[in-house]
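Okay, here's what each chain looks like letter by letter:
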Amino acid sequence: MQQAKYRKNYRTPDFTITHLSLDFQLDPKHTVVKAVSRVERLNPEATSLRLDGHGFQFASIKLNGAEFTAYQQDKESLTLDLTELCGESAVQFELEIITYLVPAENTSLQGLYQSGEGICTQCEAEGFRQITYMLDRPDVLARYDVTITADKSKYPYLLSNGNRIAQGDLADGRHWVQWQDPFPKPCYLFALVAGDFDLLQDNFVTKSGRNVLLELYVDRGNLNRADWAMRSLKKSMKWDEDRFGLEYDLDIYMIVAVDFFNMGAMENKGLNVFNSKFVLANPQTATDNDYLDVERVIAHEYFHNWTGNRVTCRDWFQLSLKEGLTVFRDQEFSSDTGSRAVNRINNVQFLRTMQFAEDASPMSHPIRPEKVLEMNNFYTVTVYEKGAEVIRMMHTLLGEKRFQKGMQLYIAENDGKAATCEDFVSAMERASGVDLTQFRRWYSQSGTPELTVTDSYDEKKHSYKLIVSQMTPPTADQMSKVNLHIPLKIALYNPKGMPFTLLKNGELVDDVLNITESEQIFEFHDITSRPVPALLCDFSAPVKLDYDYSPEQLITLLKFAQNEFVRWDAVQMLFSYELRRLLEQYKNAQQLEFSPQILTALSQVLANYQSNIELTTLILTLPKEAEFAEQFKVIDPENIAIVRDIMQRTLAENLKTQWLETYNQIRLEDYQINTQDIAKRGLRNLCLHYLAFTELGNALVNKHYLHANNMTDSLAALSAACKAQLACRDNLMADFERKWHQDGLVMDKWFNLQATRPDDNVLLNVQQLMDHPSFNFNNPNRLRALVGSFINQNPRAFHAVDGSGYRFLTEILINLNKTNPQVAARLIEPLIRFRRYDSQRQQLMKRALQRLFEVENLSRDLYEKIEKALNS
Ligand code: B3K
Ligand code: ZN
């Protein structure tokens, strides 16, 4: 039914477009687009030109000013027969294409669409072809000249990429603005925004002394939520100059926040369009985490200006070239400007949960995919987060100095071009002299490698050996695997918690071991007692580690390791160990007993919280159900939830006095957003969370909510009330709803809590809330907050053995298939992973997928995933 594309079939384009002049007569019900392009033939043999396009009404085409009829049209393209014209050796011509669009009816939120009262675009990956016929591929770079005309009262702001070069009023109440972008770009970076906004202006002086105008456009009335985003932008611009030596290149940088958006944000040249969720923040409406997310996404899109825009991708298989690298850059930004350990822990936690699960799913793919049906399906944790890990490993192997040398070379060689992942690795290799031949396999091999480590200690010789073997299990897309080049960072601790110097024959040994073969032995000398190894420190590679730690060894690492990541990671292993043990006891109907040894260790961490508040919070937070689930071949969502709940209650009860003491000790005055206060609120609210499960809970949570002067605290109270099913819950939830029902973004937090309630009737509740006045099926944020939270964060309810969760999701997907296939394809993920469940659930999930597969006009987005799931 559908035609996939393969990486190996890449061909340079026969034609290119060097200049594109776009004229938009905007109207939500009837927009007219005139696109005039200068086309150049690159391949002297080519006689026909195929342009991509769909989702509009095609009105006319002219070639060099004359009516043109030698074309063939199908559902997805227009092919021009240029035999006559192509007699000449160098072929250049002008095409004028007119199309009609209805932005108000474009619920796919790709191409040109209406968001609230405004109109905007989203073109990556292949949305430009929903505006006009175009060579819609990233290796066609053109200069853009854009004129927008629209009603002035409804759309006082008309924005596009680059510089505003002219504007004027028309007699009929409309006005027009003309924009010119001096930098050639692929059409996926084109943007247009029209609407009425509040505008926050600022400026930034670059290191070479150029003044850049910064403009942030938000919905009217939201100016009091715009400051943080602006500050984040300036901070990002400065950081990129300091750490990467990269300076902004245009005279103006605009960001527009819109409410209807399929993803987080979009890095269009000079005109970023953002999901309002990642722009708007003030203490009343945003939590500490929201603040950090805004900063991170603003930074990410800004960093794309060099890694993505100035150097773009040759084809979409190379997506990780810009995304992996830009995620790496935003992670480094957050680590340099906040806590490195906390950032690393959060990123690793996310990767292990989400990316490892993707590797184990029917959608598994390498960071540079080989085969794609619908490109939007490949904006994945693998391409982004694992992609960033691959860049990070190169950084580990090269070191900062040589890595930056490689970056300089990469940019110098590829500026203004459409590059490949190979171009990047090759630049790194040539700039550093480090051989990356084997390392390159990370780009073509999918799956999560497993490192198995054993050790032996020779007491007489004081010699210690690590025996390391690697293996990557087959994945749905790739049966056989090869050995990778894996950097394994280690430390060896003596039982008192002091690290040994790593020596061999008296010489220093690097703490990063190069794992390149199936099995390797590493020997260390002058190790005076049997050490406890810290392995895969800082998660030096995106792999699973198997070393048979005893709880005692892990507690040693927790107590003494100098590396914060290692301490946290030791606790993660302790928690999994405990979960497995308790699950067994539970299945055998035994009395469940939490290990007193672990409880004592955790209690000591809490007692010492002042030495490191953030780390204490991370250590004492139980892994989520989905994180626990990842450790099992066959997932038992019901029992995982039950046992996790017992663990939670045990921790709450056993450490009760300490939770309360800590809760009372931590004092915060007025709300300030800085690392220290965020850390304090984090720990204090974790104490509250545990206390909610004790008899003190109801009174304390109620009071916490009433006294809260910021969203972080209000939401912590609300969440505690819901998770512990406190008596005050319904009152507090109703109060919150009264206060915020008109604010979609804030209500998303409320929808999330509703959807993740541990109550038996939660599905019914979710179904009813779909009629809530604040809910809107066509708004992806609302949908993710209610439906997304239910299916992803409430596994116990979603996977109910009566199949009700699956049926619920199926109905939603049938509707979304028509309105917004891209979001549908995101939400179907938990369903296609049926192989991870017992046969009864598998049957039910497969039935749901089969039903979807038969839906009329199934989108490519859903087709690709269902087909893979059913046939893998
Ligand atoms: N490049 C965009 C993502 C586009 C997704 C298209 N389905 C945002 C980002 O990664 O920065
Ligand atoms: Zn990105």
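Only a predicted model underlies this, so the values are computations on that prediction, with no experimental measurement involved.

S.K.: I tried to follow helix 10 (residues 596–607) on my own but got confused; where do I start?
M.R.: Taking 1.5 Å of rise per residue, 12 residues should cover 16 Å, and helix 10 covers 16 Å from first to last C-alpha, within 8% of that figure. Looking only at helix 10, the buried set comprises Ile598, Leu599, Ala601, Leu602, Val605 and Leu606. Seen from one end, helix 10 has its buried residues packed into an arc of 165°, which puts them on one side. When the buried face of helix 10 is taken as reference, the exposed residues oriented beyond 90 degrees from it are Pro596 and Ala607. Along its buried surface, helix 10 packs onto helix 8 (551–560), helix 9 (564–587), helix 11 (613–620), helix 13 (637–654) and helix 14 (656–665).

S.K.: So what exactly am I meant to see when it comes to the packing of helix 9 against helix 13 here?
M.R.: What describes two packed helices is the angle between their axes and the distance between those same axes. One way to put it is that helix 9 packs onto helix 13 with a least axis distance of 10 Å and a crossing angle of 115°. Relative to helix 13, the element helix 9 lies roughly perpendicular. Every pair of crossing elements has a handedness; the one defined by helix 9 and helix 13 is right-handed. From helix 9, Phe575, Glu578, Leu579, Leu582, Leu583, Tyr586 and Lys587 reach across to helix 13, where they touch Asn639, Ile640, Ile642, Val643, Arg644, Met647 and Leu651. Considering only residue class, the contact of helix 9 with helix 13 consists of 10 nonpolar, 1 polar and 3 charged.

S.K.: Help me out: how do you make sense of the sheet that holds strand 20 (residues 265–266) in this one?
M.R.: Pairing between sheet strands relies on hydrogen bonds along the backbone, with the strands arranged either parallel or antiparallel. Overall, mixed pairing links the 5 strands, which are arranged 17-18-19-21-20 in an open sheet. Edge positions in the sheet fall to strand 17 (197–205) and strand 20, since each of these pairs with one other strand and no more. In this structure, strand 18 (residues 211–219) lies alongside strand 19 (residues 252–258), joined through 5 bridges in parallel fashion. Of the residues in strand 19, the one forming a bridge with Tyr217 is Val256. Sitting on the sheet, helix 2 (residues 288–303) touches strand 19, strand 20 and strand 21 (271–275), and the angle it makes with strand 21 is about 150°.

S.K.: Help me out: how do you make sense of the site of ligand 1 in this one?
M.R.: Neighbouring ligand 1 are 15 residues, the closest being Glu124, Glu267, Glu301, Asn376 and Tyr384. His300 places a polar side-chain atom, nitrogen or oxygen, 3.1 Å from an oxygen atom of ligand 1. Within the side chain of Gln822, a nitrogen or oxygen atom sits 3.1 Å from a nitrogen atom of ligand 1. Here ligand 1 loses 96% of its free accessible area of 340 Å² to cover by the protein chains. Partitioning the shell around ligand 1 into residue classes produces 6 nonpolar, 4 polar and 5 charged.

S.K.: Which parts of the structure should I look at to understand the pattern of salt bridges?
M.R.: A side chain with one charge may pair with a side chain of the opposite charge, provided their charged atoms come close. Overall, the coordinates contain 60 salt bridges when judged by the stated rule. For Arg440, the salt bridge goes to Glu429, with nearest N and O atoms at 2.8 Å. Placement of the pair is Arg440 in the loop between helix 6 (421–432) and helix 7 (441–444) and Glu429 in helix 6, with a sequence separation of 11 residues. By relative accessible area, Glu429 is classed as buried at 19%. Members of the salt-bridge network, linked through shared partners, are Arg243, Glu332, Asp336, Arg340, Arg392 and Glu400.

S.K.: What should I look at first to understand the coordination of the zinc ion (ligand 2) in this one?
M.R.: In an ideal octahedron of six donors the angles at the metal are 90 or 180 degrees, and in an ideal tetrahedron of four donors they are 109.5 degrees. Here the zinc ion (ligand 2) is held by the protein donor atoms His300 (NE2), His304 (NE2) and Glu323 (OE), which lie 1.9 to 2.1 Å from it. If you list the donors of the zinc ion (ligand 2) from N- to C-terminus, the spacing comes out as H-x3-H-x18-E. Taking relative accessible area as the criterion, His300 reaches 8% and is therefore assigned buried. Exposure remark for His304: the relative accessible area of 0% places this residue in the buried category.

S.K.: Any chance you could explain the packing of aromatic side chains here in plain terms?
M.R.: To describe a pair of aromatic rings, you give the distance between the ring centres and the angle between the ring planes. Tallied over the entire structure, the rule returns 36 aromatic pairs. Considering the side-chain rings of Phe58 and Tyr133, the 5.2 Å spacing of their centres and the 85° angle between planes classify their relative orientation as edge-to-face. With Phe58 in strand 5 (residues 57–63) and Tyr133 in the loop between strand 11 (118–122) and strand 12 (142–151), this pair connects stretches of sequence that are 75 residues apart. As far as the burial class goes, Phe58 and Tyr133 line up, both buried. Relative to Tyr302, the ring of Tyr248 lies with its centre 6.0 Å away and its plane at 45°, an arrangement referred to as tilted. On the criterion of sequence distance, the pair formed by Tyr248 in the loop between helix 1 (227–244) and strand 19 and Tyr302 in helix 2 is long-range, its members being 54 residues apart. Tyr302 matches Tyr248 in its accessibility class, with the two residues each being buried. Pairwise contacts between aromatic rings join Trp239, Phe244, Tyr248, Tyr253, Tyr302, Phe303 and Phe333 into one cluster. If you follow Arg329 out to its NZ or CZ, it ends over the ring of Phe244, 4.7 Å from the centre. Arg580 extends its terminal NZ or CZ atom over the ring of Phe632, reaching a point 4.6 Å from the ring centre.

S.K.: What is the right way to read the nonpolar core from this model?
M.R.: Nonpolar side chains in soluble globular proteins tend to be buried together. In this structure, Phe424 and Leu831 are the most contacted members of the largest nonpolar core, which totals 297 residues. Element by element, the count of residues in this core is highest for helix 5 (residues 381–414), at 13 residues. Leave out the neighbours within four places in its chain, and Leu831 touches Phe798, Tyr806, Leu809, Thr810, Leu813, Met845, Ala848, Leu849 and Leu852.

S.K.: Help me out: how do you make sense of the sheet that holds strand 30 (residues 512–515) in this one?
M.R.: One open sheet accounts for 3 strands, arranged 30-27-32; its pairing is antiparallel. Looking at which strands have only one partner, the edges of the open sheet turn out to be strand 30 and strand 32 (532–535). Strand-to-strand twist in this sheet, taken as the mean axis angle between neighbours without regard to direction, amounts to 35°. Here strand 27 (residues 486–493) runs beside strand 32; their pairing, made up of 4 bridges, is antiparallel. Residue pairing in the sheet places Tyr493 in a bridge with Val532 of strand 32.

S.K.: Would you mind showing me how to read the UniProt feature "domain: Peptidase M1 membrane alanine aminopeptidase" (unreviewed entry) in the protein chain here?
M.R.: The positions UniProt marks with the feature "domain: Peptidase M1 membrane alanine aminopeptidase" (unreviewed entry) are residues 228–442. Secondary structure across residues 228–442 divides into 56% helix and 9% strand, with the first and last C-alpha atoms of the span separated by 37 Å.

S.K.: Please clarify how the side chain of Gln318 should be interpreted in this entry.
M.R.: Structurally, Gln318 is set in the loop between strand 22 (312–313) and helix 3 (319–337). Polar contacts involving the side chain of Gln318 include one to the main-chain amide nitrogen of Cys421, which spans 2.9 Å. Discounting chain neighbours no more than four positions away, the residues touching Gln318 are Arg7, Cys313, Arg368, Ala419, Thr420 and Cys421.

S.K.: Would you take a moment to explain the UniProt feature "domain: Peptidase M1 alanyl aminopeptidase Ig-like fold" (unreviewed entry) in the protein chain for this structure?
M.R.: Look at the UniProt record and you will see "domain: Peptidase M1 alanyl aminopeptidase Ig-like fold" (unreviewed entry) annotated at residues 447–548. For residues 447–548, helix accounts for 0% and strand for 46%, while the C-alpha atoms at its two ends are 22 Å apart.

S.K.: What exactly am I supposed to notice about unusual backbone geometry here?
M.R.: Backbone phi values are negative for most residues with the exception of glycine, while trans is the configuration of most peptide bonds. A cis geometry characterises the amide bond from Glu124 onward to Ala125, with omega recorded as 0°. Locating Ala125 in the fold gives a position in the loop between strand 11 and strand 12. The backbone of Asn64 sits at a positive phi, close to 45°, despite the residue not being glycine. Along the polypeptide, Asn64 turns up in the loop between strand 5 and strand 6 (66–67). Taking relative accessible area as the criterion, Asn64 reaches 45% and is therefore assigned partly exposed.

Rules of the game
Along each chain, residue indices are assigned from 1 in the same order as the chain's sequence is written. All chains are assigned letters beginning with A, and all ligands numbers beginning with 1, in the order in which they are written. Residue-level local features of this predicted model are given only where pLDDT is at least 70; pairs of side-chain atoms are given and counted only at 80 or more, and the full residue set underlies all totals for whole chains, interfaces and linings. The side-chain values count all of the structure's non-hydrogen atoms but skip hydrogen atoms and water molecules. Numbered from the N terminus, helices here are DSSP runs of H or I no shorter than four residues, and strands are runs of E no shorter than two. Every helix has an expected span of 1.5 Å times one less than the residues it contains. Residue exposure (1.4 Å probe, protein chains only): buried if accessible area is under 20% of the type maximum, exposed if over 50%, otherwise partly exposed. As used here, the arc is the angular range of directions from the helix axis to the C-beta atoms. Pairs of residues are marked as contacts when any of their non-hydrogen atoms sit within 4.5 Å. Axis geometry follows a simple rule: fit a line to the C-alpha atoms, using only the stretch in contact for helices, then measure angles between N-to-C directions, giving values from 0 to 180 degrees. Each angle is binned into one of four classes, with values under 35 degrees roughly parallel, values over 145 roughly antiparallel, values of 65 to 115 roughly perpendicular, and all other values oblique. Crossing handedness is read from the near helix: turned anticlockwise from the far helix by less than a right angle, it gives a left-handed crossing, and turned clockwise, a right-handed one. Residue polarity follows a fixed list, in which Ala, Val, Leu, Ile, Met, Phe, Trp, Tyr, Cys and Pro are nonpolar, Asp, Glu, Lys and Arg are charged, and the others, Gly among them, are polar. In this scheme, strands are said to pair when DSSP sees at least two bridges between them. Only heavy atoms are used to decide nearness, and a residue is near a molecule or strand if one of them lies within 4 Å of it. Whenever two N or O atoms come within 3.5 Å, that pair is a polar contact, provided that in protein one can donate a hydrogen and the other can accept it, and provided that, for residues adjacent in sequence, both atoms are side-chain atoms. In short, Shrake-Rupley with a 1.4 Å probe defines the accessible areas, and a residue's cover is counted only from the protein chains shown. By convention in these notes, a salt bridge is any Lys or Arg side-chain nitrogen within 4 Å of a carboxyl oxygen on Asp or Glu. Note that water is not among the atoms used; donors are N, O and S atoms within 2.8 Å of the metal (3.2 Å for Na, K and Ca), so sites may look incomplete. When the centres of two rings from Phe, Tyr and Trp lie within 6.5 Å, Trp using its six-membered ring, the rings pair. Their planes under 30 degrees apart give stacked, over 60 give edge-to-face, and anything left gives tilted. Comment: the charge-over-ring label is applied if NZ (Lys) or CZ (Arg) is within 6 Å of the ring centre and within 35 degrees of the ring normal. Definition used in this section: a nonpolar core is a set of buried Ala, Val, Leu, Ile, Met, Phe, Trp, Tyr and Cys residues joined via side-chain atoms within 4.5 Å. UniProt positions are given in the numbering used here, feature names are shortened, and annotations may be inferred rather than shown by experiment.

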